[in-house]
Amino acid sequence: MKRLFRTPDISMDRDPELKEAYKVAVVGCCEGAGASFVSSCVLQHGLFEDHTPEGLRTLCETGKGYFYLALGFDKRFAGRDFRDFSSHGKHELNMELGYNWYVLRPGEGPAEDREILRKLYNAAGSFIVYDCSGLIGRDILWDILGEADRIYLVIDPMPTKLISSRGFIDGIRARYPETELVVNRFAKGIHRGELSKFLETGDYHTLPCVPIEKLYKAEYNCLLADI
């Protein structure tokens, strides 16, 4: 499929020899909650309401691939090496769009063994975002969350999604009480009182419901979608 390529002018520190990384894990409450979208927002804009560490920013896909196809990496890395997810090291960077990408190629499965996890944890970057899409129900998720300095749990506010995700939401919050909630697709029609009652808190971050045409445009131009 022929798509356009637009590369914004982003200047980033690409030195992999940086101090210990600040690690953020992003996990959806259910399939399709928007963990990859939130991961890309955190990658681009940093932490909610906080100062974000400067330097090399890295995104790691740990369970389900999306960005390789969405950003057209097969074309973006034509003529240069793209480091396999399972073989990267501190000096092996996949720099594109101003960021470093350790993502899954089409058909490449999620991390399974401890050796891959070790390399994942030691990935280059001063600010690393783990996109944990596709890891619900897998023990490996708890390993990744346990390594994170900050955890964002992405909430789909549709009532059917909330109800079916109750057990998973309660499980993560019981195990990691510091988990921060991110309500994705926040829009008119959401009953805020009922949402807060269900979540047992009104303390959550929100991201607006992005128009579908904006998401289509991003993929057709092989760019990151933005809020």
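Details of the structure are given in the entry above.
Residues numbered from 1 in each chain as written. Predicted model: local features only at pLDDT ≥ 70, side-chain atom pairs only at ≥ 80, totals over all residues. Heavy atoms only, no water.

Help me understand the packing of aromatic side chains, please; the structure alone is not making it clear to me.
Aromatic rings in a pair are described by how distant their centres are and how their planes are angled relative to each other. With the rule as written, the count across this model stands at 13 aromatic pairs. Note on tyrosine 22 and phenylalanine 127: the rings are 6.4 Å apart at their centroids and 10° apart in plane angle, and the pair reads as stacked. In this pair, tyrosine 22 sits in strand E1 (residues 22–28) while phenylalanine 127 sits in strand E5 (residues 127–131), placing the two residues 105 residues apart along the sequence. Exposure remark for tyrosine 22: the relative accessible area of 26% places this residue in the partly exposed category. Taken together, a centroid distance of 5.9 Å and an interplanar angle of 85° make the contact between tyrosine 68 and phenylalanine 73 edge-to-face. An aromatic cluster of at least three residues, connected via ring pairs, comprises Tyr66, Phe67, Tyr68, Phe73, Phe77, Phe82, Tyr99 and Trp101. One Lys or Arg, arginine 80, reaches over the ring of phenylalanine 77 and ends 4.1 Å from the middle of that ring. Above the ring of phenylalanine 198, the side-chain terminus of arginine 166 is found at 3.9 Å from the ring centroid. (Phe/Tyr/Trp six-rings, centres within 6.5 Å; stacked < 30°, edge-to-face > 60°. Helix = DSSP H or I, 4+ residues; strand = E, 2+ residues; numbered from the N terminus. Buried < 20%, exposed > 50% of the residue type's maximum accessible area, 1.4 Å probe, protein only. Lys NZ or Arg CZ within 6 Å of the ring centre and 35° of its normal.)

Please explain the pairing of strand E8 (residues 205–208) as it appears in this structure.
As a general feature of sheets, a regular strand has side chains that alternate between the two faces. Here E8 shows one buried face, formed by His205 and Leu207, and one open face, formed by Thr206 and Pro208. Where strand E7 (residues 180–186) and E8 come together, 3 bridges link them in parallel fashion. Residue pairing across strands places valine 182 opposite histidine 205, the latter belonging to E8. Handedness of the E7-helix H8 (residues 192–199)-E8 crossover: right-handed. (Pairing = 2+ DSSP bridges. Right-handed = clockwise from strand over helix to strand, strands pointing away.)

I would appreciate a short explanation of the sheet that holds E7 in the present structure.
Within the open sheet, the 8 strands sit side by side as E3-E4-E2-E5-E1-E6-E7-E8. Their pairing is mixed. At either margin of the open sheet sits one strand with a lone partner, and together these are strand E3 (95–96) and E8. In this sheet, E5 lies alongside strand E2 (residues 57–61) in parallel orientation, the contact comprising 5 bridges. Each bridged residue has a counterpart across the sheet, and for threonine 58 the counterpart in E5 is isoleucine 128. Across the sheet, H8 lies against strand E6 (150–155) and E7, angled at about 150° from E7, the strand it touches most. (Contact = heavy atoms within 4.5 Å. Axes fitted to C-alpha atoms, helices over the stretch in contact; angles between N-to-C directions.)

Limitation: the analysis is restricted to geometry and does not speak to function.
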